[in-house]
Amino acid sequence: GENVEQHPSTLSVQEGDSAVIKCTYSDSASNYFPWYKQELGKRPQLIIDIRSNVGEKKDQRIAVTLNKTAKHFSLHITETQPEDSAVYFCAASIPQGGKLIFGQGTELSVKP
Amino acid sequence: DVKVTQSSRYLVKRTGEKVFLECVQDMDHENMFWYRQDPGLGLRLIYFSYDVKMKEKGDIPEGYSVSREKKERFSLILESASTNQTSMYLCASVRDRGINEQFFGPGTRLTVL
């Protein structure tokens, strides 16, 4: 079955710097790759997603890139702010599966 | 606005007790999921359901069962709670089996003593 590996497990950056989180997946049939943000004490919420027919997607300060050949995808956050501090999860989904396989999570800390 | 609610935010039970965790969604979603969240392990899928009275095992079903008698409600059952089931439990729902956003409940922090 699908397996998703996420790195790093923790990431600390200064406010204004960029942050990059990387994920690899094992099942080449996976075609949907969402990213969820979970603030302390709150539920995970979708922040951006990408489908396998697209190589890059951007939404203001966040962007996601997908390399299908290498089977990895990344989350990029530019101009980080303290409110970006949270745990971020990547995930992958196979066609018509409906279910997501999540990575282990990255705890991002943005220091003012 | 999709709402996914869980019956308890915090729960403390004793080893051997039968535990019920309830999840309700109000958007007529077909699919519902139960995950447990542990530090360093991410979200691991316990069970999921594509329709009423249907259930499928996820990656870590041992020690758990589920019930889906109504479309909006998905229950996770710990038949005999053990200390290694102390965890955060998250419920999620999604519209259908296509590629869609999963909406999460607030989570239940279960402690088994």
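Residues numbered from 1 in each chain as written. Chains lettered and ligands numbered in written order. Predicted model: local features only at pLDDT ≥ 70, side-chain atom pairs only at ≥ 80, totals over all residues. Heavy atoms only, no water.

### Quick word on the pairing of strand 9 (residues 86-92) of chain A
Residue and element names in this part refer to chain A.
Thought 1: Taking burial as the measure, the 7 residues of strand 9 include 6 buried ones, the bulk of the element.
Thought 2: Looking at chain direction, strand 4 (residues 32-38) and strand 9 are connected through 4 bridges and run antiparallel. Along strand 9, the bridge assignment pairs K37 with Y88.
Thought 3: As judged from the 3 bridges shared by strand 9 and strand 11 (residues 106-111), these two strands associate in the antiparallel manner. For A86, the partnering residue across the bridge sits in strand 11 and is L108.
Thought 4: Examined bridge by bridge, strand 9 and strand 10 (residues 101-102) share 2 bridges and lie antiparallel to one another. Looking at strand 10, one finds that A92 is bridged to I101. (Buried < 20%, exposed > 50% of the residue type's maximum accessible area, 1.4 Å probe, protein only. Helix = DSSP H or I, 4+ residues; strand = E, 2+ residues; numbered from the N terminus. Pairing = 2+ DSSP bridges.)

### What to know about the confidence of the model for chain A
Thought 1: Looking at chain A as a whole, its pLDDT mean stands at 94, while 98% of the residues score no less than 70.
Thought 2: Ranking the elements of chain A by mean pLDDT puts strand 10 of chain A last with 92 and strand 3 (residues 19-25) of chain A first with 98. (pLDDT = per-residue confidence, 0-100.)

### Quick word on the pattern of salt bridges
Residues and elements named next belong to chain A.
Thought 1: Tallied over the entire structure, the rule returns 10 salt bridges over all chains.
Thought 2: Its salt-bridge partner being K37, residue E39 comes within 3.4 Å of it at the nearest N-O pair.
Thought 3: For D49, the salt bridge goes to K57, with nearest N and O atoms at 2.9 Å.
Thought 4: Note on K57: relative accessible area 36%, which makes it partly exposed.
Thought 5: Members of the salt-bridge network, linked through shared partners, are K37, E39 and K42. (Salt bridge = Lys/Arg side-chain N within 4 Å of Asp/Glu carboxyl O.)

### Observations concerning the interface of chain A and chain B
Thought 1: Taken together, the contact between chain A and chain B spans 19 residues of the former and 25 residues of the latter.
Thought 2: Together chain A and chain B conceal approximately 1,800 Å² of surface at their shared face, both sides included; 53% is due to carbon and sulfur atoms.
Thought 3: Between the two partners, chain A and chain B, sit 0 salt bridges.
Thought 4: Summed over the shared surface of chain A and chain B, the result is 6 residue pairs in polar contact (both at pLDDT 80 or more). (Contact = heavy atoms within 4.5 Å. Buried area = accessible area lost by both parts, 1.4 Å probe. Polar contact = N/O pair within 3.5 Å; in protein donor to acceptor, adjacent residues only side chain to side chain.)

### Comments concerning the layout of surface pockets
Thought 1: The volume enclosed by the largest pocket comes to roughly 590 Å³.
Thought 2: Around the largest pocket sit 26 residues that line it, and Q38, L40, V87 and F89 of chain A together with Q37 of chain B are the ones nearest its centre.
Thought 3: Counting only elements with at least two residues in the lining of the largest pocket, the list comes to strand 9 and strand 11 of chain A together with strand 4 (31-38) and strand 9 (87-94) of chain B.
Thought 4: In terms of residue count, strand 9 of chain A provides more of the lining of the largest pocket than any other element does, 3 residues in total.
Thought 5: Among the residues making up the lining of the largest pocket, the classes are represented as 8 nonpolar, 11 polar and 7 charged. (1 Å grid on protein atoms, 1.4 Å probe; cavity = no way out; pocket = protein on both sides within 12 Å on 5 of 7 lines; lining within 4 Å. Points joined across faces, edges and corners; volume = space filled by probe spheres on them. Nonpolar A, V, L, I, M, F, W, Y, C, P; charged D, E, K, R; others polar.)

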